[in-house]
Amino acid sequence: MSTKAMKYVHESLAATGFVVMHHEIAATVRPDIWGDGMECRKDIHAQTTRNALGGLKPLRYRAILRGIQGAVPLLARSPKQLAERIELITGFQVDEVFPESELEGIPEPMSNERLAAIARRKVSLQNPFDHIKTANGPRSCSTCSHIAAGHRCMNDKVSGIDYPPANVDRRCLGYAPLWNSHDKRNGHALWPELINATPILNTGEQS
Ligand code: SF4
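Residues numbered from 1 in each chain as written. Predicted model: local features only at pLDDT ≥ 70, side-chain atom pairs only at ≥ 80, totals over all residues.

**Student:** Go over the overall build of the chain with me, naming the residues and quoting the values.
**Tutor:** Secondary structure assignment for the chain yields eight helices and six strands. Order of helices (α) and strands (β) in the chain, N terminus to C terminus: α-β-α-α-β-β-α-β-α-α-β-α-β-α. Here the chain holds 207 residues, and the buried ones make up 28% of them. Here the contacts in the chain between residues at least 6 apart in sequence split such that 61% fall between residues at least 24 apart. (Helix = DSSP H or I, 4+ residues; strand = E, 2+ residues; numbered from the N terminus. Buried ≥ 20, exposed ≤ 12 C-beta atoms within 10 Å, placed from the backbone. Contact = placed C-beta atoms within 7 Å.)

Rendered as structure tokens:
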């Protein structure tokens, strides 16, 4: 681990009991460590891809943070009021925090309802059209008029996802822009390449 990344991890854990492994968060809360955003990005990315944090004791979690794509990894000594603490320290709104083990599918006794919720979350974080190139880039569900309270997708018959994370970018044929959006194109207009494409999803379930 680089000296700067190590300083960030250990000092964050000592001061707050958690550390969010994302360069935007790191650069926001510790501008004294990284003056250069590119260096921060490189340092933090290296820690998450090389699993350099494997030896640390705190528990691993993932967070869905407003304005940041994907499920961000973090370490925390305690799950108590973790979302509130992250918001307080980083200033980023937390949509969801959950144990990383849920994504890894570590076997443990769980109800069928819980297993179904985890499978849905795994699917919702995937992009089923990763294999298809499109002229237009993705949009987040938070810019779609079908997203409702509790992240419920009201157009799940078309989107195929009932509870998508609001701020994960996706290309979705069910997409419909918000009423006040200057760009009125829907999913079919934005991503016509997907209309006859076959989505590929890995639910992790055995057939
Ligand atoms: S229709 Fe698609 S883009 Fe809109 S909320 Fe549902 S999953 Fe998200």
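Past the structure itself, the notes keep going.
**Student:** Quick one: what's the story with the sheet that holds strand β3 (residues 71–76), residue by residue and with numbers?
**Tutor:** One open sheet accounts for four strands, arranged β1-β3-β2-β4; its pairing is antiparallel. Since the sheet does not close on itself, it has two edges, and those belong to β1 (18–20) and β4 (94–99), each with one partner. The average angle at which neighbouring strand axes cross in this sheet is 30°, direction not considered. In this sheet, β4 lies alongside strand β2 (residues 59–65) in antiparallel orientation, the contact comprising five bridges. (Pairing = 2+ DSSP bridges. Axes fitted to C-alpha atoms, helices over the stretch in contact; angles between N-to-C directions.)

**Student:** Which residues make up the site of the ligand, and what values do they have?
**Tutor:** Around the ligand, the structure places 13 residues, and the nearest of them are Cys141, Cys144, Cys153, Cys172 and Gly174. For the shell around the ligand, a count of residues per class yields eight nonpolar, four polar and one charged. (Near = placed C-beta within 6 Å. Nonpolar A, V, L, I, M, F, W, Y, C, P; charged D, E, K, R; others polar.)

**Student:** Before we move on, could you go through the environment of Glu100 and cite the residues and values that matter?
**Tutor:** The topology assignment puts Glu100 in the loop between β4 and α5 (101–104). Each residue touching Glu100, except ones within four places of it in the same chain, is listed here: Arg60, Tyr61, Arg62 and Pro73.

**Student:** A description of the nonpolar core should follow, citing residues and the corresponding values.
**Tutor:** Within the largest apolar cluster, 27 residues are counted, with the highest numbers of intra-cluster contacts made by Phe18, Val19, Val20, Ala26, Ala63, Val72 and Leu74. Of all the elements, β3 adds the most residues to this core, at five residues. Beyond its immediate chain neighbours, meaning those up to four positions away, Val72 contacts Val20, Met21, His22, Arg62, Ala63 and Leu65. In terms of nonpolar packing, the next biggest core, distinct from the first, is built from ten residues, Ile161, Cys172, Tyr175 and Leu190 among them. (Core = buried A, V, L, I, M, F, W, Y, C linked by C-beta atoms within 7 Å.)

**Student:** Could you give an account of helix α1 (residues 3–16), with specific residues and numbers?
**Tutor:** The end-to-end C-alpha separation of α1 is 20 Å, in line with the 20 Å expected for 14 residues at 1.5 Å each. Those residues of α1 not exposed but buried are Ala5, Tyr8, Val9 and Ser12. Along α1, the residues classed as buried sweep out an arc of 90° about the axis, all on the same side. The exposed residues of α1 that point more than 90 degrees off its buried face are Thr3, Ala14 and Ala15. Residue Gly17 follows α1 closely and has a positive phi angle near 85°. (Expected span 1.5 Å × (residues − 1). Arc of directions from axis to C-beta.)

**Student:** How would you summarise the environment of Leu190 if you had to cite specific residues and measurements?
**Tutor:** Take Leu190: it is sitting in helix α8 (residues 187–190). C-alpha of Leu190 to C-alpha of Thr134: the two residues are 56 residues apart in sequence and 8.6 Å apart in space. Apart from the residues lying within four places of it in its own chain, the contact partners of Leu190 are Asn136, Tyr175 and Arg185.

**Student:** Describe the pairing of β2, naming the residues involved and giving the relevant values.
**Tutor:** The sheet contact formed by β2 and β3 spans six bridges and is antiparallel. Following the sheet pairing, Leu59 is matched in β3 by Ala76.

**Student:** Tell me what's going on with helix α4 (residues 82–90), and back it up with residues and numbers.
**Tutor:** Of all the positions in α4, only Leu82, Ile86 and Thr90 are classed as buried. End-on, the buried residues of α4 take up no more than an arc of 45°, which puts them together on one face. Among the exposed residues of α4, those oriented more than 90 degrees off its buried face are Glu84 and Leu88. For α4, the elements touching its buried residues are β1, α2 (23–29), β2, β3 and β4. Gly91, located one to two residues past α4, shows a positive phi value of around 85°.

**Student:** Account for unusual backbone geometry, with residues named and values stated.
**Tutor:** Of note in the backbone geometry, Gln81 takes a positive phi value of approximately 50° without being a glycine. Accessibility expressed as a C-beta count within 10 Å gives 10 for Gln81, which makes it exposed.

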